[in-house]
Amino acid sequence: MGMRCDTLWKDARLATMVGNDLGVVEQGLVAAANGAILYAGPAADAPTFDAAESVACDGRWITPGLIDCHTHLIHAGDRAREFEMRLDGASYEEIARAGGGIVSTMRATREASEDDLVRAALPRLDALIAEGVTTVEVKSGYGLDTASEIRMLRAARRLGTERPVQIATTFLGAHALPPEYAGDADSYIAMLVDEMLPEVSRLGLADAVDAFCEGIGFTPAQTELVFEAAKRAGLPVKLHAEQLSNQHGAALAARHGALSADHLEYLDNAGIAAMAASGTVATLLPGAYYFMRETHLPPIDALRLAGVPIALATDCNPGTSPLTSLLLAMNMGATLFHLTVAECLTGVTRNAARALGVSDRIGTLEAGKRCDLAIWDIERPAELVYRMGLNPLHARIWSGR
């Protein structure tokens, strides 16, 4: 009598993402029970399993379910008009200072009900799920008052009940300055720290806290106040850092043990050293780089040399990265940022899990982890990075189902 399992996927090639490369197993199998992996490895070394269901993979590749670790999936409206303005030569800063940008999405989001927000987000989420994504991080940050931020986070949590997917929620109240606080960012941050964040924490709606540390966002000093409030609430932090200029936000984030610092086009060596020392993940967002026609590359070679883990994400948002394809984000990571195939795939699995603080649960094919799988009709893993617009997903398994 063999070891009992619910499902056995056999005759598969595995990219387990364990170790320094892809962790390839040419003749492998995966066994799962109660939503968790019992075994993932060479078929020749596997124990005998008594499976309730056995699935022949016919040589297909299995990777961990993909993880999109930075999105702004919940929002109302779009910013196609601003896209036209940028095509005509307006800069992101000019649009923001003229009342566009994040504040224009804020107005539409404040007017939307929770049901409206869920309904608008589901097609975006479905596009990600269709590409083998099993975990998605979703930020608030388009409400910018307590009631609206809470409504966004509730809508984000509801996505995980509407679809078979894990949702990680991030409170991003320090995303932009709402019009009612124009010229008084310190007062807004004080309200966020004293009222907004404690209420979000009390309701249990956030898994982490984020901020936008930038010339058109918040200063390092204001960001630090947010981080200190997050620590009091027992929540980990992450940061939009060094996207448009070097505000030394990544080093600040690292000092606070941040899970990740994201964007990083203008990251300097001091920031890299701080991130390496703290284990903070560098989350790169090539969709925003592409969409904004940025030309200042993140310091990829220096990040590699320092051993900073690199994650990749869509940054799905209405203004600077209306991207709902993690496969295309990988292709952009390779073509625009010169990442290797292994770096791209690690960036949407193992390192993406680390960027969310859940690498003990997901991100690799290992016994004890949640059985999140993507099964692919491909001949080699490089195809997942190489193709543009073709989705070779054969099957997606979330929590063993």
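Residues numbered from 1 in each chain as written. Predicted model: local features only at pLDDT ≥ 70, side-chain atom pairs only at ≥ 80, totals over all residues. Heavy atoms only, no water.

Moving on to helix H7 (residues 220-232). Spanning 13 residues, H7 covers 18 Å between terminal C-alpha atoms, matching the ideal 18 Å at 1.5 Å per step. Taken together, the buried positions of H7 are Gln222, Thr223, Val226, Phe227, Ala229 and Ala230. All buried residues of H7 fall inside an arc of 160 degrees around its axis, so they share one side. Exposed and facing more than 90 degrees away from the buried side of H7 are Ala221, Lys231 and Arg232. (Helix = DSSP H or I, 4+ residues; strand = E, 2+ residues; numbered from the N terminus. Expected span 1.5 Å × (residues − 1). Buried < 20%, exposed > 50% of the residue type's maximum accessible area, 1.4 Å probe, protein only. Arc of directions from axis to C-beta.)

This brings us to the environment of Gln243. Residue placement: Gln243 occurs in the loop between strand S10 (238-241) and helix H8 (249-255). With 119 residues separating them in the primary sequence, Gln243 and Ile362 have C-alpha atoms 28 Å apart. Ignoring anything within four residues of it in the chain, the contact list for Gln243 reads Phe212, Glu214, His263, Leu264, Glu265, Tyr266, Ala288, Met292 and Glu294. (Contact = heavy atoms within 4.5 Å.)

As a further point, take the packing of aromatic side chains. Here the structure, examined in full by the defined rule, presents five aromatic pairs. Relative to Tyr188, the ring of Tyr181 lies with its centre 5.3 Å away and its plane at 65 degrees, an arrangement referred to as edge-to-face. Between Tyr188 and Phe218 the ring centres are 6.1 Å apart and the planes differ by 20 degrees, which places this aromatic pair in the stacked class. Highlighted residues: Tyr188 in helix H6 (residues 185-202) and Phe218 in the loop between strand S9 (208-213) and H7, separated in sequence by 30 residues. Grouping aromatic residues by their ring pairs yields a cluster made of Tyr181, Tyr188 and Phe218. (Phe/Tyr/Trp six-rings, centres within 6.5 Å; stacked < 30°, edge-to-face > 60°.)

Taken domain by domain, the chain consists of domain 1 (3-64 + 364-397) and domain 2 (66-356). Taking only C-alpha atoms into account, the centre of domain 1 sits 30 Å from that of domain 2. When domain 1 packs against domain 2, the two sides together hide about 1800 Å² of surface, and 61% of this comes from carbon and sulfur. Looking at the side of domain 1 facing domain 2, the largest losses of area belong to Met17, Val385 and Arg396, adding up to 36% of the total buried there. Seen at the junction of domain 1 and domain 2, the total is zero salt bridges. For the pair domain 1 and domain 2, the number of links is 10 residue pairs in polar contact (both at pLDDT 80 or more). For the side of domain 1 that touches domain 2, the elements supplying multiple residues, two or more each, are strand S5 (61-64), strand S14 (373-376), helix H15 (383-386) and strand S15 (393-397). When grouped by side-chain class, the residues that make up the side of domain 1 that touches domain 2 number 16 nonpolar, five polar and five charged. (Domains from an automatic or database assignment. Buried area = accessible area lost by both parts, 1.4 Å probe. Salt bridge = Lys/Arg side-chain N within 4 Å of Asp/Glu carboxyl O. Polar contact = N/O pair within 3.5 Å; in protein donor to acceptor, adjacent residues only side chain to side chain. Nonpolar A, V, L, I, M, F, W, Y, C, P; charged D, E, K, R; others polar.)

Listed in full, the buried residues belonging to helix H3 (residues 102-111) are Ile102, Val103, Thr105, Met106 and Thr109. Along the long axis of H3, the arc covered by the buried residues comes to 150 degrees, so they all point the same way. Tucked inside the fold, the buried residues of H3 contact helix H2 (92-97), helix H4 (114-129) and helix H5 (146-162).

Once that is clear, we can look at the side chain of Asp315. Counting through the fold element by element, Asp315 comes out in the loop between strand S13 (310-312) and helix H12 (326-337). In this structure, Asp315 is buried with no salt-bridge partner, the nearest side chain bearing the opposite charge being Lys139 at 7.2 Å. Those residues in contact with Asp315, other than ones at most four positions away along the chain, are His70, Thr71, His72, His263, Leu285, Ala288, Thr320 and Ser321. (Lys, Arg positive; Asp, Glu negative; His and termini not counted.)

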